[in-house]
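# Structural overview for review
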Amino acid sequence: MARPRKRTTLLPQRHPEPDLFVCDILDATPKSDRASMEHPLFSLSVKKDMAPFQYEQGNVKVRITPAAGEGRANVFDRDILIYVLSQLMAAKNEGQEIGRRVRISAHDLLKATNRHTTGQAYATLRRALTRLQFTQIETNIHDHGLGEWRSISFITEARIVKEDSTGRLLSVELEMGDWLIKAIENKNVLTLHRSYFQLRKPLERRLYELSRKHCGMQSVWRIGLDKLKHKTGSTSTEKEFKRLVKAICRTDEEQSHMPDYSFRLLHNVLEVSPKSEFLEAYGDKPLLGTDTAVRLSAPVYDRARDAAPGWDVHFLEHEWRMWMDERPRDADAAFVGFCRKWFERRGPP
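In this text the structure is predicted, and so the values were computed from the model without any measurement. (Residues numbered from 1 in each chain as written. Predicted model: local features only at pLDDT ≥ 70, side-chain atom pairs only at ≥ 80, totals over all residues. Heavy atoms only, no water.)

### A closer look at the confidence of the model for the chain
Quick note on the threshold: Confidence of the prediction at every residue is given by pLDDT, a number between 0 and 100. Contacts: residue pairs with any heavy atoms within 4.5 Å of one another.
For the chain, per-residue confidence averages 84 on the pLDDT scale, and residues scoring 70 or more make up 87% of the total. Contacts for the low-pLDDT stretch residues 18-27, under 50 throughout, to residues beyond four places or in other chains number 23 contacts.

### Looking at the sheet that holds strand β7 (residues 155-163)
Heads up, the rule is: Only strands that DSSP links by at least two bridges are regarded as paired with each other. Secondary structure elements are defined from DSSP: runs of H or I of at least 4 residues count as helices, runs of E of at least 2 residues count as strands, and each element is numbered from the N terminus. Angles shown run from 0 to 180 degrees and are taken between the N-to-C directions of axes, each axis being a line fitted to C-alpha atoms and, for helices, limited to the stretch in contact.
Reading across the sheet, the three strands line up as β4-β8-β7 and stay open at both edges, with antiparallel pairing between neighbours. If you trace the sheet from one side to the other, it starts and ends with β4 (101-105) and β7, each paired once. Within this sheet the neighbouring strands show an average axis-to-axis angle of 20 degrees, counted without direction. Contacts from helix α4 (residues 119-134) reach β7 and β8 (169-176) within the one sheet, and its direction differs from that of β7 by about 155 degrees.

### Overview of the side chain of D33
The condition that has to hold: Throughout, exposure labels follow a simple rule: accessible area from a 1.4 Å probe, protein chains only, divided by the maximum for the residue type, with under 20% read as buried, over 50% as exposed, and the rest as partly exposed. By the counting scheme adopted, Arg and Lys are positive, Glu and Asp are negative, and His together with the chain ends is not counted. Whenever Lys or Arg places a side-chain nitrogen within 4 Å of a carboxyl oxygen from Asp or Glu, that contact is recorded as a salt bridge.
Within the fold, D33 resides in strand β1 (residues 31-33). Buried and unpaired, D33 has no salt bridge, with R78 as the nearest side chain of opposite charge at 4.6 Å. The residues contacting D33, other than those within four sequence positions of it, are R78, L85, W179, L180, A183, N188 and V189.

### Observations regarding the nonpolar core
Which entries qualify depends on this criterion: Only buried residues count toward a nonpolar core. Its members are Ala, Val, Leu, Ile, Met, Phe, Trp, Tyr and Cys residues joined through side-chain atoms within 4.5 Å.
Counting 70 residues, the largest nonpolar core has F154, L174, M176, L228, V245 and L270 as its most contacted members. The dominant element in this core, judged by the number of residues it contributes, is helix α2 (residues 78-93), at eight residues. Contact partners of L228, with chain neighbours within four places excluded, come to L207, L210, I223, F241, V245 and L270. Counting 17 residues, the second-largest nonpolar core is a separate cluster that includes Y301, A304, F338 and C339.

### Description of the packing of α2 against helix α5 (residues 178-185)
For any two helices packed against each other, one specifies the inter-axial angle together with the distance between the axes. This is how the line gets drawn: Should an angle fall under 35 degrees it is called roughly parallel, over 145 degrees roughly antiparallel, and 65 to 115 degrees roughly perpendicular, with every other angle called oblique. Two helices that cross are described as forming a left-handed crossing if the nearer one is turned anticlockwise from the farther one by less than a right angle, and a right-handed crossing if clockwise.
At a minimum axis distance of 10 Å, the contact between α2 and α5 shows a crossing angle of 40 degrees. Relative to α5, the element α2 is oriented oblique. Where α2 crosses over α5, the two elements pack in a sense that is right-handed. Packed against α2, whose contacting residues are L81, L85, L88, M89 and K92, the element α5 presents W179, L180, I181, I184 and E185 at the interface.

### As for the pattern of salt bridges
Any two side chains of opposite charge can pair, given that their charged atoms come close. Evaluation of the coordinates by the stated rule reveals 23 salt bridges. A salt bridge links R205 to D79, with the nearest nitrogen and oxygen atoms 2.9 Å apart. With R205 in helix α6 (residues 202-214) and D79 in helix α2, the pair connects residues that are 126 residues apart, well separated along the chain. Classification of D79 as buried rests on a relative accessible area of 1%. Among the salt bridges present, the one from D252 reaches K275, with a minimum N-O distance of 3.4 Å. With D252 in helix α8 (residues 238-255) and K275 in the loop between β12 (269-274) and α9 (276-282), this pair connects stretches of sequence that are 23 residues apart. On the accessibility criterion, D252 (4% relative accessible area) is buried.

Written out as structure tokens, the structure reads:
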């Protein structure tokens, strides 16, 4: 009797041929907008999630209503947005005009996001499109930070242009949400590692997204489990969440399966550091959209110490970079203002 195959940490590369990411634009590397990396807009559940969701972080507020019958859009549905955004960014970089309406090949999408191309995969794709269209998000998140309270959808229309006799989608036309197009126009995006689509667990994907957003090229990024749980959007108990994070960290220490970053759990603090291959690949290149792209002058740290006496200004800088939702016009003034408010609310350490 043949032994059952051992489950691998990462999903296998289902389409390992050279054209894995061949789209209309050949170099359309995976990219995502910063807002959906920063805030938990997608469910971590792989089952139908019909529960309304609310999230608040600083001045940012989010209220999500699931799609009737299909539930809330989840992290795997997000692959569709990553695929479309990647193509649009590549087209824009080549000088092409882009708009909200996009026609995609369903087969290319499935290959690019490392999915099966069976009949069941096309049916799953159809349901994902429904969740993306009818999941309603009420929020004050704006492309450049906070804006007016508004209701948005990930995609505003999905139309099947061609469908074969078996019901497989051949071509799909999408109308993207205005917020996504603005993120592209303002280059408010980050590049993702291509093995992102091989991560099995929703929480693994969410931890990677947050690390790309907050750690960037910094030597280390630390975040407490209570705050991490809030930022991931996890509905697990604190004990279960710690167990899940601990399992991911243990596997990463043993197999280094997480892209770009190493993960360690120290008591109730997650510590994230860039991997050497990531630093070698991008160490001499600006990572657009990372918090580290915001530079502070050397004298500002003395002003920060005066604004928050007794506090470690480098700790405050880390907290400020985590808190930021947009690039400030005057980074020094914004940082000093943050330190002043921090001290007013918390007093001396």
